[in-house]
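Close look at the chain arrangement
The residues making up each chain are set out below.
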Amino acid sequence: MTRATAVAHPNIALAKYWGKRDRALNLPTNGSLSLTLAPFCTTTSVTWGVDTDLARLDGREASGDEARKMFALLDRMAPGRPGVAIETGNNFPTAAGLASSASGFAALVVAAEAAMGGTRSLEELAVFARMGSGSATRSLHGGWVLWPRGERPDGLDSHGVPVAPVDHWDVRMVVAVVKAGRKDTGSTDGMNHTQATSPFFDAWVATAEADLPEAKDAVLARDLERLGTLVERSAMRMHGSMLGADPWLCYFAPGSLLALAAVRALRREGIGAWATMDAGPNVKVLCAAGDAPRVADALREAAERVEVLAPGGPARVTARA
Ligand code: PMV
């Protein structure tokens with residue numbers, strides 16, 4: 001029996017992923033670019049070689065579907081593996097559009113690899129993490145990360161790749177938690193439904209792919225206005241594609257609109273702040289580190305809670321026994 005523990009941070013996409021060209025392998029219709037964020041993290045311990053598989057999430061036994069996904073991923077990493085016990089927990093709300101699946105699967109593949117005594121690189125592990133949840137492939141790396149669409153049918157060219165390290169640019173992501181708790185429509189169901197029924201989906205993919213080189217350039221040039229403008233546009237176009245689905249899909253809550261209005265008001269006052277949203281109602285706001293206190297104050301009126309996140313490091317092993 002061997003045991004290892006790993007930590008991984010969530011990431012928020014600045015240029016979004018929404019749509020799958022291969023559902024089984026989680027290959028995306030378009031590339032995306034993200035920022036890995038601390039201090040939010042998932043901590044996962046894996047014990048390799050127990051009698052029966054068992055998974056615990058935030059102190060309770062994981063539900064059937066959650067557990068199945070984790071063990072299916074381990075089956076891919078180590079066909080014919082022994083029984084495995086997984087103990088995982090987040091220091092932030094699970095499944096509320098805060099990318100807990102990204103940090104969760106990233107921490108799982110790193111802890112599992114260490115527990116089984118493997119030596120695969122972060123890039124190799126990023127391919128496995130992608131099969132758990134697409135966005136997880138970006139959480140293997142710290143800082144600014146690109147996940148290209150790739151061309152290969154086996155997906156070996158479609159995984160998180162570092163663009164710039166954690167200390168490249170000291171920005172903040174201010175998270176307005178407008179509604180904690182589990183969302184109604186998971187991201188996979190939401191994107192499959194959009195892809196199958198929205199006449200706006202093809203336009204979304206075309207613009208998302210075209211945005212990527214600019215997003216990367218803006219990150220490398222540390223041009224916040226250029227990046228922020230693209231970030232907000234990418235999120236709104238993604239959500240626009242969902243509104244066009246049949247029946248329509250919308251992750252916004254009333255508090256989301258209040259937070260978005262607060263961000264626009266900040267910009268009118270000359271503060272560089274740009275919003276993004278994922279498959280949940282929370283609003284995340286990109287800004288310069290020095291503006292974060294002011295942005296957080298402005299969001300407090302719309303939100304249950306406000307969290308200020310900073311660039312975070314790569315997924316890593318923290319203990320081995
Ligand atoms: O990989 P998933 O299933 O967590 O989907 C992520 C989808 C978005 O968060 C909406 C966008 C993104 O690129 O992270």
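We now turn to the structure provided with this report. (Residues numbered from 1 in each chain as written. Predicted model: local features only at pLDDT ≥ 70, side-chain atom pairs only at ≥ 80, totals over all residues. Heavy atoms only, no water.)

1. Side note on the pattern of salt bridges
Evaluated as defined, the whole model comprises 18 salt bridges. With its nearest N and O atoms 2.7 Å apart, the salt bridge here joins Asp170 to Arg172. In this structure, the salt-bridge partner of Arg233 is Glu214, at a minimum N-O distance of 3.9 Å. Taken together, the residues Arg233 in helix α6 (residues 224-243) and Glu214 in helix α5 (residues 201-220) connect sequence positions 19 residues apart. Of the residues examined, Arg233 reaches a relative accessible area of 27% and is grouped as partly exposed. (Salt bridge = Lys/Arg side-chain N within 4 Å of Asp/Glu carboxyl O. Helix = DSSP H or I, 4+ residues; strand = E, 2+ residues; numbered from the N terminus. Buried < 20%, exposed > 50% of the residue type's maximum accessible area, 1.4 Å probe, protein only.)

2. A word on the site of the ligand
Not every one of the 14 residues close to the ligand is listed here, only the nearest: Tyr17, Ser135, Arg138, Ser187 and Asp278. Between the ligand and Gly134, the relevant distance is 3.1 Å, taken from an oxygen atom to a main-chain nitrogen or oxygen of the residue. Here Ser187 contributes a side-chain N or O atom positioned 2.6 Å from an oxygen atom of the ligand. The protein chains hide 92% of the 390 Å² of surface that the ligand would expose on its own. (Near = heavy atom within 4 Å. Polar contact = N/O pair within 3.5 Å; in protein donor to acceptor, adjacent residues only side chain to side chain. Areas by Shrake-Rupley, 256 points an atom, 1.4 Å probe, with all protein chains shown as cover.)

3. Focus: the nonpolar core
By size, the foremost hydrophobic cluster in this structure holds 38 residues, and its most contacted members are Val46, Trp48, Leu74, Ile86, Leu108, Val109 and Leu140. When residues of this core are traced back to their parent elements, those giving at least two are β1 (2-8), β6 (42-50), β7 (54-57), α1 (64-77), β9 (83-90), α2 (100-115) and α3 (122-132). In terms of residue count, the dominant contributor to this core is α2 (10 residues). Every residue in contact with Ile86, bar those within four places of it in the chain, is listed here: Thr44, Ser45, Leu54, Ala55, Arg56, Met70, Phe71, Leu74 and Leu108. If you look at the next biggest cluster of nonpolar residues, it comprises 29 residues, including Leu98, Leu146, Val171 and Ala218. (Core = buried A, V, L, I, M, F, W, Y, C linked by side-chain atoms within 4.5 Å. Contact = heavy atoms within 4.5 Å.)

4. As for the packing of aromatic side chains
Given two aromatic rings, their pairing is described by the distance between the two centres and the angle made by the two planes. All chains considered together, the criterion is met by 4 aromatic pairs. Here the aromatic rings of Trp18 and Tyr251 are separated by 6.2 Å at their centres, their planes lie at 90°, and the arrangement is edge-to-face. Here Trp18 is found in the loop between β2 (11-15) and β3 (20-22), whereas its partner Tyr251 is found in the loop between α6 and α7 (254-268), with 233 residues between them in sequence. No difference in accessibility class separates Trp18 from Tyr251, as the two residues are buried. A ring pair is formed by Phe40 and Phe92, whose centres lie 4.9 Å apart and whose planes are at 0°; its orientation type is stacked. A residue pair is termed long-range when its members are at least 10 positions apart, and Phe40 in the loop between β5 (32-38) and β6 and Phe92 in the loop between β9 and α2 qualify at 52 residues. You can call Phe40 buried: its relative accessible area is 5%. Classification of Phe92 by relative accessible area gives buried; the value is 7%. (Phe/Tyr/Trp six-rings, centres within 6.5 Å; stacked < 30°, edge-to-face > 60°.)

5. Comments concerning the side chain of Asn90
Inspection of the secondary structure assignment puts Asn90 in strand β9. Residue class for Asn90 comes out buried when judged on its relative accessible area of 17%. At 2.6 Å, the side chain of Asn90 and the side chain of Thr42 are in polar contact. Filtering out sequence-adjacent residues up to four positions away, Asn90 remains in contact with Cys41, Thr42, Asp58, Ser100 and Ser103.

6. Some points on the sheet that holds β1
Reading across the sheet, the 6 strands line up as β8-β7-β9-β6-β1-β16 and stay open at both edges, with mixed pairing between neighbours. With partners counted over all chains shown, the strands left at the sheet margins are β8 (60-61) and β16 (316-320), one partner each. For β7 and β9, the ladder comprises 4 bridges, and the chain directions are parallel. Opposite Ala55, over in β9, you have Ile86 as the bridge partner. Strand contacts of α2: β1, β6, β9 and β16, with the helix running at about 40° to β6, the strand carrying the most contacts. (Pairing = 2+ DSSP bridges. Axes fitted to C-alpha atoms, helices over the stretch in contact; angles between N-to-C directions.)

7. Here we look at α3
Burial within α3 is extensive, with 8 of its 11 residues counted as buried. Of all the positions in α3, only Leu125, Ala126, Val127, Phe128, Ala129, Arg130, Met131 and Gly132 are classed as buried. Considering only its buried residues, α3 is in contact with β4 (27-28), α1, α2 and β10 (144-147).

8. Digging into unusual backbone geometry
Of the consecutive residues Ala38 and Pro39, the connecting peptide bond is found in the cis state with omega at 10°. Look at the link from Asp246 to Pro247: it is a cis peptide, with omega at -5°. With respect to the secondary-structure elements, Pro247 resides in the loop between α6 and α7. Backbone geometry places Arg222, a non-glycine residue, at a positive phi of 50°. For Arg222, the position within the fold is in the loop between α5 and α6.

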